Amino acid sequence: MSSRTSPALSKSRFLAGLQCPLRLWYQCYEPHLACEVSAAKQALFDTGHEVGRLATRLYPDGILIREDHFQHEAAVCSTGKLMNDPHVPAIFEAAFFNDNVRIRADIIERVDDGSWNLVEVKSSTSVKHVYLTDVAVQYRVLQDCGVTVNRAGILHINNHYVYDGHELNLESLFSFSDLTDQVTAMQAEIAGALKNLSEMLSAARAPSIKASRHCMRPYLCEFWDHCTRHTPEFWVLNLNGITQERLGELVAMDVQDIRDLPDSFPLTPLQNRIRTTVVHQREYISDKLQAELTDIIYPIHFLDFETAGSAIPRYADTRPYQSVPFQWSNHILDEDGTLQHHEYLCNQDKDPRQEFVASLLDSLGDGGTIFIYTTYEKGIIRQLAEYLPQYHDQLNETLERFKDLCDIIRRHYYHAKFYGSFSLKFVLPALLPDLSYDNLIIQEGNHASLEYLRMIDPATAPAEKKEIRKNLLNYCGHDTLAMVKIREELLKRFRI
Ligand code: SF4
């Protein structure tokens, strides 16, 4: 078999290769197969950069290596010069290269004894396993370059920090987790993985790996669309809740299609329902569905919230990533079939909670069932009741009227085109294809949060703000109208 020279590995390529060697292969040799970076993913990158910049303020007089990733050699050179200057206490984006592996370390901090602390900045609130590997590979390259590492760890967001509304307290906003012992213990493993991935990249052919659950962990792979283009419509991965062990058994039997599952294959009751529905192409309707959908008090409300949570808190008395509600939509169905729509969307960069609650309670009135989709809204109501004592009792009383439409569907109905999911994004097009989300500019909650933050950004032009506002109102209103229509559609099953 012919072989080729392995391309240099960066830290992110190394981590991609650990998730799946084929992902690394594609990144190196066939990057055009990747799907475009979504707005939500781009926003995650942007948050990472913002948090990274903020963290450097904890190291006054630190110096940034300005050369970008395409100028790695020059960046290594600049790093070396700064390391030799004893007056430089810390270096940001320090560059190193050894044994065909190149890295940029977020922060290296000089220690008096000539060693360095290695600090990786993360915008998350805890240490995930993938971060250990991230720091461990950096640790290895630094050691191989002759740098003595004193401490190595993660500087991450502390989600217990409460912003006072004046000045950010960076010492409290960030928290350092020392991982020196763990990353030292991982060095043999890292060396072995680097060797294996290098060899894989020198091979003439791509490794043969099929898409499965590993494609989503720790991150959804950018080659997912490409790798799943030939998977069957009713793929076994869509058996809601299937374990890794069971999936492994199906791979060993070469079963990919739910219709090919052997009769003896163990399934949960829900998976069994999915299989039966798919095999017979006939919807599942429990004998309790009608009662669940009609056990209501008019007027019926169909309610949805949108929230935003930023890594760096914006308003007084909020924590990092706290979900702050900024929009609600309420469709109200009267007994005579009249449908009204009420909505609220905060327009400015201010804490929206008081206004949100006052307008919401006004719209919900004193009576009537309130349909929600999942229990997310309940959690937000509880949080608001704690924060706004003047509304505490009223908010808690509304909880008594809540009914979760998603839970009713999960327990009492299934359609083959749900593809194992009970998310509105699957349920709606399966039941009402004309009402799907395809024509909306905003199609999911994360995107709505990002667009909201863009709308209240003073730098956004007025015309664009207006457009974003329109898109947000369309999106949230669509979700609640979807609930009205789904309930109506399901009730048609019981008309004689
Ligand atoms: S989609 Fe899955 S199988 Fe394909 S490259 Fe990515 S992780 Fe590997």
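Here, the structure is the one placed above.
An account of the accompanying structure is given in this report. The model shown is predicted, which means the values in this text are computed figures rather than measured ones. (Residues numbered from 1 in each chain as written. Predicted model: local features only at pLDDT ≥ 70, side-chain atom pairs only at ≥ 80, totals over all residues. Heavy atoms only, no water.)

1. Some details on the sheet that holds strand 10 (residues 324-333)
Phase 1: Pairing in this open sheet of 5 strands is mixed, and the strands run 11-10-9-12-13 from one edge to the other. Across the chains shown, the open sheet's two edge strands, defined by having one partner strand only, are strand 11 (339-345) and strand 13 (402-404). The sheet shows a mean angle of 25 degrees between the axes of neighbouring strands, direction not considered.
Phase 2: As paired strands, strand 9 (residues 300-308) and strand 10 are joined by 9 bridges and run antiparallel to one another. Its bridge partner lying in strand 10, Glu306 is registered against Gln327. (Pairing = 2+ DSSP bridges. Helix = DSSP H or I, 4+ residues; strand = E, 2+ residues; numbered from the N terminus. Axes fitted to C-alpha atoms, helices over the stretch in contact; angles between N-to-C directions.)

2. Section: unusual backbone geometry
Phase 1: Following Arg217, the chain continues to Pro218 via a peptide bond in cis, the omega torsion being 0 degrees.
Phase 2: Here Pro218 is to be found in the loop between helix 8 (187-202) and helix 9 (224-227).
Phase 3: Of note, the bond from Tyr298 into Pro299 is cis; its omega dihedral lies within 30 degrees of zero at -5 degrees.
Phase 4: With respect to the helices and strands, Pro299 occurs in the loop between helix 12 (289-294) and strand 9.
Phase 5: Residue Asn100 is not a glycine yet carries a positive backbone phi of 65 degrees.
Phase 6: Mapped onto the elements of the fold, Asn100 is located in the loop between strand 3 (90-98) and strand 4 (101-110).

3. Remarks on the packing of aromatic side chains
Phase 1: According to the stated counting rule, one finds 13 aromatic pairs in the structure shown.
Phase 2: Taking 4.7 Å as the distance between ring centres and 70 degrees as the angle between the ring planes, the aromatic pair formed by Trp25 and Tyr29 counts as edge-to-face. Of this pair, Trp25 and Tyr29 are both found in helix 2 (residues 21-29), 4 residues apart, which corresponds to roughly one turn of the helix.
Phase 3: With relative accessibility at 24%, the residue Tyr29 sits in the partly exposed group.
Phase 4: Their ring planes at 15 degrees and their centres at 5.3 Å tell us that Phe302 and Phe371 sit as a pair that is stacked. You can see Phe302 sitting in strand 9 and its partner Phe371 sitting in strand 12 (residues 370-372), a full 69 residues away along the chain. A single burial state applies to Phe302 and to Phe371, both of which are buried.
Phase 5: Ring pairing ties together the aromatic residues Tyr413, Tyr414, Phe418 and Phe422, which thus form one cluster. (Phe/Tyr/Trp six-rings, centres within 6.5 Å; stacked < 30°, edge-to-face > 60°. Buried < 20%, exposed > 50% of the residue type's maximum accessible area, 1.4 Å probe, protein only.)

4. Side note on the layout of surface pockets
Phase 1: Reported here for the second largest pocket is a volume of approximately 370 Å³.
Phase 2: Taken together, 20 residues make up the lining of the second largest pocket; nearest its centre are Lys210, Ala211, Thr231, Trp235 and Gln256.
Phase 3: Mapped by element, the contributors of at least two residues to the lining of the second largest pocket are helix 9 and helix 10 (244-252).
Phase 4: In terms of residue class, the lining of the second largest pocket is built from 12 nonpolar, 5 polar and 3 charged. (1 Å grid on protein atoms, 1.4 Å probe; cavity = no way out; pocket = protein on both sides within 12 Å on 5 of 7 lines; lining within 4 Å. Points joined across faces, edges and corners; volume = space filled by probe spheres on them. Nonpolar A, V, L, I, M, F, W, Y, C, P; charged D, E, K, R; others polar.)

5. Some details on the nonpolar core
Phase 1: One finds Val236, Leu261, Ile409, Phe418, Tyr452, Leu472 and Ile486 to be the most contacted residues of the largest nonpolar core, which totals 84 residues.
Phase 2: Tallying contributions element by element places helix 19 (residues 462-492) first for this core, with 10 residues.
Phase 3: A domain split of this core shows at least three residues from each of domain 2 (231-282) and domain 3 (283-496).
Phase 4: Filtering out sequence-adjacent residues up to four positions away, Ile409 remains in contact with Tyr373, Phe418, Phe422, Val427, Ile486 and Leu490.
Phase 5: In this structure, Phe14, Leu22, Ile65 and Phe96 belong to the second largest nonpolar core, which totals 48 residues. (Core = buried A, V, L, I, M, F, W, Y, C linked by side-chain atoms within 4.5 Å. Domains from an automatic or database assignment. Contact = heavy atoms within 4.5 Å.)

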